Amino acid sequence: MKALILVGGFGTRLRPLTLSFPKPLVDFANKPMILHQIEALKDVGVTEVILAINYRPEVMISFLKDFEDKLGIKITCSQETEPLGTAGPLALARDKLIDGSGEPFFVLNSDVISEYPFANLIQFHKSHGGEATVMVTKVDEPSKYGVVVMDEENGRVDRFVEKPKIFVGNKINAGIYLLNPSVLDRIDLRPTSIEKEVFPKIAAEKQLYAMVLPGYWMDIGQPKDYITGLRLYLDSLRKKTSTKLAAGSHIIGNVLIHENAVIGDGCLIGPDVAIGPGCVIESGVRLSRCTVMRGVRIRKHACISGSIIGWHSTVGQWARIENMTILGEDVHVSDEVYSNEGVVLPHKEIKSSILKPEIVM
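An unreviewed UniProt entry annotates the chain as mannose-1-phosphate guanylyltransferase originating from Zingiber officinale. Word for word, the UniProt comment on the chain under Function (unreviewed entry) is "Catalyzes a reaction of the Smirnoff-Wheeler pathway, the major route to ascorbate biosynthesis in plants."

## So, the nonpolar core
If you look at the biggest cluster of nonpolar residues, it comprises 64 residues, and the most contacted ones within it are Leu51 and Phe106. The element best represented in this core is helix α7 (residues 223-241), accounting for 7 residues. Excluding residues within four positions of it along the chain, Phe106 makes contact with Met1, Lys2, Ala3, Leu4, Leu41, Val44, Val46, Phe118, Leu121, Ile122, Tyr177 and Leu178. In terms of nonpolar packing, the next biggest core, distinct from the first, is built from 30 residues, Cys267, Val285, Ile298 and Ala319 among them.

## A word on the sheet that holds strand β25 (residues 320-322)
Taken in spatial order, the 5 strands make up an open sheet running β16-β19-β22-β25-β28, and their pairing is parallel. Each edge of the sheet is formed by a strand with only one pairing partner; in this case those strands are β16 (268-269) and β28 (338-340). Sheet topology places β16 next to strand β19 (residues 286-288); 2 bridges connect them, and they run parallel. Within β19, the position partnered with Ile269 by the bridge is Leu287.

## Remarks on the layout of surface pockets
Here the second largest pocket defines a volume of roughly 660 Å³. In terms of lining, the second largest pocket is formed by 26 residues, of which the most central are Lys31, His36, Glu39, Tyr233 and Lys244. Those elements that provide at least two residues to the lining of the second largest pocket are β3 (31-32), α1 (33-43), β7 (112-114), α7 and β14 (255-257). Among the elements that line the lining of the second largest pocket, the one with the most residues is α7, at 5 residues. Of the residues assigned to the lining of the second largest pocket, the class counts are 13 nonpolar, 6 polar and 7 charged.

## Observations concerning the side chain of Lys2
Along the chain, Lys2 turns up in strand β1 (residues 2-8). Of note is the side chain of Lys2, whose polar atom sits 2.6 Å from the backbone oxygen of Lys96.

## Overview of the packing of aromatic side chains
Within the structure shown, the criterion is met by 7 aromatic pairs. Measuring from centroid to centroid gives 4.6 Å for Phe21 and Trp311, while their planes differ by 55°, and the two rings are tilted. Taken as a pair, Phe21 in the loop between β1 and β2 (27-28) and Trp311 in the loop between β23 (308-309) and β24 (314-315) lie far apart in primary sequence, 290 residues in all. Both residues of the pair, Phe21 and Trp311, count as buried. Arranged with centres 5.6 Å apart and planes meeting at 70°, the rings of Phe28 and Tyr233 form a pair that is edge-to-face. On the criterion of sequence distance, the pair formed by Phe28 in strand β2 and Tyr233 in helix α7 is long-range, its members being 205 residues apart. Each member of the pair Phe28 and Tyr233 is classed as buried. Each residue in the set Phe28, Tyr226 and Tyr233 is aromatic and connected to the rest through ring pairs, giving one cluster.

Rules of the game
Residues numbered from 1 in each chain as written. Predicted model: local features only at pLDDT ≥ 70, side-chain atom pairs only at ≥ 80, totals over all residues. Heavy atoms only, no water. UniProt positions renumbered as here; feature names shortened; annotations may be inferred. Core = buried A, V, L, I, M, F, W, Y, C linked by side-chain atoms within 4.5 Å. Buried < 20%, exposed > 50% of the residue type's maximum accessible area, 1.4 Å probe, protein only. Helix = DSSP H or I, 4+ residues; strand = E, 2+ residues; numbered from the N terminus. Contact = heavy atoms within 4.5 Å. Pairing = 2+ DSSP bridges. 1 Å grid on protein atoms, 1.4 Å probe; cavity = no way out; pocket = protein on both sides within 12 Å on 5 of 7 lines; lining within 4 Å. Points joined across faces, edges and corners; volume = space filled by probe spheres on them. Nonpolar A, V, L, I, M, F, W, Y, C, P; charged D, E, K, R; others polar. Polar contact = N/O pair within 3.5 Å; in protein donor to acceptor, adjacent residues only side chain to side chain. Phe/Tyr/Trp six-rings, centres within 6.5 Å; stacked < 30°, edge-to-face > 60°.

Written out as structure tokens, the structure reads:
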């Protein structure tokens with residue numbers, strides 16, 4: 001089987017992190033976002049992953065070559081010269097996707113994290129005999145999304161309603177699809193949307209089915225959802241394999257600490273924290289609801305909550321970083337500085353406090 005991951009463009013919503021790396025390579029729970037997806041695809045027998053990309057493909061490919069060998073899976077790029085939306089990239093990669101086997105292929109949105117129940121999806125797709133299956137997830141506020149109206153009994157999709165004013169259902173497209181090769185005959189090589197142009201036509205022919213995604217789901221393409229996504233991911237990890245999570249009197253709730261990170265005495269860490277490889281957390285530090293990426297040093301008695309600390313940054317003694325502060329790569333925050341929702345571009349030094357939300361260029 002094959003899979004196409006829609007990587008797309010510049011990752012502007014996750015800047016300043018995406019100024020250093022393409023978005024799929026930004027760390028999430030101590031490994032690149034896209035690797036969570038590729039590993040789950042490999043587990044159900046996918047042998048080739050195609051990345052639909054229009055921005056810095058050489059960075060992606062050189063990085064992922066290492067994982068090709070480690071995972072034993074082929075990773076190739078299909079490069080757009082102009083943005084092709086969510087369906088155009090399938091037409092562009094047509095020759096890579098069709099191999100004459102007639103097997104369905106996966107299509108994934110690269111920002112989506114979940115438990116990736118791909119084995120169930122394959123089983124459901126083969127059982128209904130339709131042309132395409134879309135995974136849907138239940139949400140509390142369907143009015144903000146495009147809602148999938150479906151038959152609750154057999155999962156057949158009736159129609160799509162964009163940002164409904166009155167309640168029509170609470171299931172939305174989760175950005176994970178399993179499609180028969182025949183779907184490619186419906187897509188032209190031009191900028192086009194799979195959600196708005198392709199799926200409604202398949203639904204009108206009663207060939208589109210939806211499977212409700214069990215467990216959690218999050219689009220982690222922007223900082224606040226990234227932090228929420230980390231909480232959901234760690235919760236799920238706790239239920240499956242709690243041995244991967246840190247334990248001890250200095251840990252509260254779910255915390256993921258890379259094996260070669262160094263944690264000082266008298267720290268209090270958690271809940272919902274990921275600490276990457278090569279990090280040094282000095283004594284008396286307080287961390288909660290945050291990600292600390294590779295090679296970061298947090299000096300004594302600093303306090304960080306609800307924030308993302310980019311690669312190789314340092315946070316000074318007694319500094320306080322909170323409320324969705326995002327530090328890009330190699331940012332150095334001086335001692336006793338306070339940041340309230342500061343967004344700091346890479347390679348900066350912060351010597352004075354950021355008292356209200358601002359972008360430091």
